[in-house]
Amino acid sequence: MIPTNAPALAPLIFLFAALIIPLAAFKVRRLAWVLAIAAAAAAAAVSVWNIFRVLESGTFHYRFGGWPPPLGIEYVLDPLSAFITAVINLTALVVLVHSHLTVAAELPERKHVPYYALVMLMMSGFNGIVLTGDFFNLYVFLEIASLALYGLIAVGDRKSPVAAFRYLVIGMVGGGFYLLGVGFLYINSGSLNMADLKAILPAVGAGPEIIVALCFMVLGFGIKMALFPLHGWLPDAYTYAPTATSSLMAPIGTKIGAYGLLRVLFFVFGVNFVTRTVPLAQVVSWLAAAGILYGSIMAMAQDELKRMLAFSSIAQVGYIGLGIGLANSLGLLGAVLHVLNHGLMKACLFLVAGNFRLRLGHSRIRALDSGARRRMPWTSAAFTLAALSMIGLPPTVGFFSKWYLALGTIRNRSWVFLAVILASSLLNAVYFFRVIERLYLRPALRDNEGREAEGRTEAAPSMLLPTLVLAASLIVIGLLNAVIVNGLLVRFLPPGLEIVFP
Amino acid sequence: MRDFLVGHYFYWFIFLLMTIGLAGIILKRNLIKKVIGMSILQVAIILFFVASASKWDATVPILDPALGAADVTKYINPLPHCLMLTAIVVGVATSGVAFALIIMIWRRFRTLDENELLEKLKHDPD
């Protein structure tokens, strides 16, 4: 029974966990975290297992209620969705392990249980977005995830409700635009199923309604993935949200928008449509390139570590957008590989920021010095490794996705984008070495009594372990990237862009 | 041209409603008025779907023995209505969350005016 239902399992596990957690943890609050971990572990196991099943026997279709696709809702487990669900569920599992102490420290006790329930709801939405094969179902999951996310942001710092409200307004407009695009598409084609639409669209042709539909959908996903200049909600939301929220939404949230963009552009409309008929892919790539430079430059000016990471996220999402916009096989490989890489790197960096906040009481860059490093050597080491990966030094993962992106720009002969990638690597180096230099070289400040803060106050094991696991994975996956790319990623490439590696 | 304008008259009004909603979100300084703008935008999208389902000389999509089930032009399309039921629920939930956030903002900053709020945030220590 389980094998045939596997595509629907991951979102449903999270959905049921979201319902069970408030009931089960009514008396015993500690249960909330345990149940959340159990659900995340189960979903991660299912989605990793799904990867192997997809590799073995190809794409799976799951029909809800047994209704055949154009009428009913269909879940599609293909190499791309299997890969993305595995990435988000594994990241969520690691971050949730870490979240136990930060949630306990940052949130009042009565909010712990609803917090974990909302995390589960958000993950259910994200998994649903990735797995569904139906455009309207995607909208519903998009809103489920977003609504949960607004709540998760609003429980943070004093200013977090304002950030959450701004995100809510912008996010609602983004969702509305997406829905409008779906409406135009439905009116002109009579279908909401992605595979069905792909077959119908060539016959419908490139009328103005179809072009408007595509533009609205791209706009909607652009807002959700914080594509420049639609990123206005992101910096405040990441900065003021609780550590657990920002380390969940930074690696996972924006990638879902990127995934939606990829699905719509290449798997429904097709490469020819989005590059020749309507040059939307080019628009996306130029916006992404602007976002890369903007995010990197703004990141250099920030004093708060979380805010710097937020601007860095805008830049990194730009890499993914650039890879999508290049619309060639190498660019897409780079983009999807960067979804994995940036997920791991950003999760690791936000966990480090959380460790600093809990142990040092702050995460201001200007207040970091070698005293902080002496107190938290492992956390600092993890930060350094993740920072090197962000800059793109081999053999860390960050190098390989940038390598594919750079090859993609060369294949398109878009030298401007190649220059942007190289320049932004330098800018990355500038703003990360600013922190690394402080951690390793700046002499420790003495406190009021003239003595250095002594002793190691490294983060607790439940926080340190996830951070180190993520940091180690940066090297391991970097070394294994050929396996992932050749074994899995080349198989997702949309029709018209397939490649076979020698 | 005249056909285009008159034949799509319903969509022109929806377009107008949508513009009013977006203008409310962008131009109004009061957070509650922004939420009102959001609701107007949502209603415009809902009407867009519902309007797309209608047909001339067609009836509600409930099987009528006199009309039979063979001729689909006798019934309007029920699917957009079903979709919009979900969208209405989503809209209500969004407004609810928005109002909850507004209450939080009011309790902390004692203002709902965007300019005042930004001013207070600037001077507010983290």
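Residues numbered from 1 in each chain as written. Chains lettered and ligands numbered in written order. Predicted model: local features only at pLDDT ≥ 70, side-chain atom pairs only at ≥ 80, totals over all residues.

### Observations regarding the overall build of chain B
Counting its regular elements, chain B contains 5 helices and 0 strands. Put simply, chain B runs from its N terminus to its C terminus through helices and strands in the order α-α-α-α-α. For chain B, whose C-alpha radius of gyration is 21 Å, the value lies well above the compact-globule estimate of 14 Å for 126 residues. Structurally, chain B occupies a C-alpha span of about 70 × 35 × 15 Å along its principal axes. Counted over contacts in chain B with a minimum sequence separation of 6, partners at least 24 positions apart contribute 49%. (Helix = DSSP H or I, 4+ residues; strand = E, 2+ residues; numbered from the N terminus. Rg over C-alpha atoms; globule rule 2.2 N^0.38 Å. Contact = placed C-beta atoms within 7 Å.)

### Notes on the overall build of chain A
What chain A contains, in helices and strands, is 20 helices and 2 strands. Against the globule reference of 23 Å for 502 residues, chain A gives a C-alpha radius of gyration of 22 Å, in line with a compact fold. Structurally, chain A occupies a C-alpha span of about 80 × 60 × 45 Å along its principal axes. Looking at chain A as a whole, 61% of its 502 residues qualify as buried. Residue pairs at least 24 apart in sequence account for 80% of intrachain contacts in chain A once pairs closer than 6 positions are excluded. (Buried ≥ 20, exposed ≤ 12 C-beta atoms within 10 Å, placed from the backbone.)

### Some details on the pairing of strand 2 (residues 74–77) of chain A
Consecutive side chains of a regular strand alternate in pointing toward one face of the sheet and then the other. All names here are of chain A. With burial as the criterion, each face of strand 2 is covered, one bearing Glu74 and Val76 and the other bearing Tyr75 and Leu77. Sheet topology note: the strand 1 (residues 60–63)/strand 2 ladder contains 4 bridges and is antiparallel. Counterpart to Arg63 in the pairing with strand 2 is Glu74. (Pairing = 2+ DSSP bridges.)

### A look at unusual backbone geometry
Residues and elements named next belong to chain A. For the peptide bond that leads from Phe228 to Pro229, omega is 0°, which places it in the cis range. Summarising the element assignment, Pro229 is placed in the loop between helix 8 (208–224) and helix 9 (234–240). At the junction of Pro394 and Pro395, the peptide bond is cis and its omega measures out at 5° in the coordinates. By secondary structure assignment, the location of Pro395 is in the loop between helix 16 (377–391) and helix 17 (397–412). The backbone phi angle of Ala327 is positive, close to 55°, even though this residue is not glycine.

### Observations regarding helix 14 (residues 329–360) of chain A
All names here are of chain A. With 32 residues, helix 14 should reach 46 Å at 1.5 Å per residue; the first-to-last C-alpha distance of 45 Å fits that figure. Residue His338 marks the point of greatest curvature in helix 14, where the axis turns by about 25°. The buried fraction of helix 14 amounts to 28 of the 32 residues, a majority that puts the element mostly inside the structure. Gly361 lies just past helix 14 and shows a positive phi near 85°. (Expected span 1.5 Å × (residues − 1). Bend = angle between axes of the 7 residues up to and from the residue.)

### Looking at the nonpolar core
Residue and element names in this part refer to chain A. By size, the foremost hydrophobic cluster in this structure holds 212 residues, and its most contacted members are Ile21, Ala36, Met120, Cys348 and Ala386. If we skip the residues at most four places from it in the chain, Ala36 touches Ala17, Ile21, Leu96, Tyr116, Val119 and Met120. One finds Leu368, Met376, Ala459 and Met463 within the second-largest nonpolar core, a separate group that totals 7 residues. (Core = buried A, V, L, I, M, F, W, Y, C linked by C-beta atoms within 7 Å.)

### Digging into helix 2 (residues 30–57) of chain A
Think of an α-helix as turning once every 3.6 residues; residues three or four places apart then point the same way. Counted at 1.5 Å a residue, the expected span for helix 2 of chain A with its 28 residues is 40 Å, and the 41 Å between its end C-alpha atoms agrees. Within helix 2 of chain A, burial applies to Ala32(A), Trp33(A), Leu35(A), Ala36(A), Ala39(A), Ala40(A), Ala43(A), Ala44(A), Val46(A), Ser47(A), Asn50(A) and Val54(A).

### With respect to the interface of chain B and chain A
Counting from both sides, the interface comprises 27 residues of chain B and, opposite them, 23 residues of chain A. For the side of chain B that touches chain A, the secondary-structure elements that each account for two or more residues are helix 3 (31–53), helix 4 (79–109) and helix 5 (114–123) of chain B. Here the element with the most residues in the side of chain B that touches chain A is helix 4 of chain B; it accounts for 13 residues. Across the side of chain B that touches chain A, the residue classes break down as 19 nonpolar, 4 polar and 4 charged. (Nonpolar A, V, L, I, M, F, W, Y, C, P; charged D, E, K, R; others polar.)

### A few points about the environment of Pro251(A)
Residues and elements named next belong to chain A. Mapped onto the fold, Pro251 is located in helix 10 (residues 243–269). Assessed through the 30 C-beta atoms surrounding it within 10 Å, Pro251 is described here as buried. Between the alpha carbons of Pro251 and Gly343 there is a distance of 4.0 Å; along the sequence they are 92 residues apart. Not counting chain neighbours up to four residues away, the residues in contact with Pro251 comprise Thr91, His342, Gly343, Lys346 and Ala347.

### Section: the packing of helix 5 (residues 135–154) of chain A against helix 4 of chain B
Describing two packed helices takes the angle between their axes plus the distance from one axis to the other. Running from amino to carboxyl end, helix 5 of chain A crosses helix 4 of chain B at an angle of 10°, the nearest separation of the two axes being 11 Å. Between helix 5 of chain A and helix 4 of chain B, the interaxial angle falls into the category roughly parallel. The segment helix 5 of chain A lies against helix 4 of chain B, with Phe136(A), Val140(A), Glu143(A), Leu147(A), Tyr150(A), Gly151(A) and Ala154(A) engaging Leu83(B), Thr86(B), Val90(B), Ala93(B), Thr94(B), Val97(B), Leu101(B) and Met104(B). Looking at side-chain class alone, the contact of helix 5 of chain A with helix 4 of chain B contains 11 nonpolar, 3 polar and 1 charged residues. (Axes fitted to C-alpha atoms, helices over the stretch in contact; angles between N-to-C directions. Parallel < 35°, antiparallel > 145°, perpendicular 65-115°, else oblique.)

### A look at the packing of helix 14 of chain A against helix 17 of chain A
Residues and elements named next belong to chain A. One way to put it is that helix 14 packs onto helix 17 with a least axis distance of 8 Å and a crossing angle of 160°. By the angle class used here, helix 14 and helix 17 are roughly antiparallel. For the pair helix 14 and helix 17, the crossing hand works out as left-handed. Residues Leu330, Gly331, Leu333, Gly334, Leu337, His338, Asn341, Leu344 and Met345 of helix 14 pack against Val397, Gly398, Phe400, Ser401, Tyr404, Leu405, Leu407, Gly408 and Arg411 of helix 17. Considering only residue class, the contact of helix 14 with helix 17 consists of 10 nonpolar, 7 polar and 1 charged. (Left-handed = near helix turned anticlockwise from the far one by under 90°.)

### Considering the environment of Val35(B)
Residues and elements named next belong to chain B. Considering the arrangement of structural elements, one finds Val35 in helix 3. Taking the C-beta count within 10 Å as the criterion, Val35 has 23 such neighbours and is therefore assigned buried. The spacing of Val35 and Tyr75 is 40 residues in sequence and 36 Å in space, taken between C-alpha atoms. What Val35 contacts, discounting residues up to four positions off in sequence, is Ser95, Ala98 and Phe99.

### Section: the environment of Ala386(A)
Residue and element names in this part refer to chain A. Position of Ala386 relative to the elements: it lies in helix 16. The sequence separation of Ala386 and Leu344 amounts to 42 residues, and the corresponding C-alpha distance is 8.6 Å. In contact with Ala386, not counting residues within four places along its chain, are Met345, Cys348, Leu349, Ala471 and Leu474.

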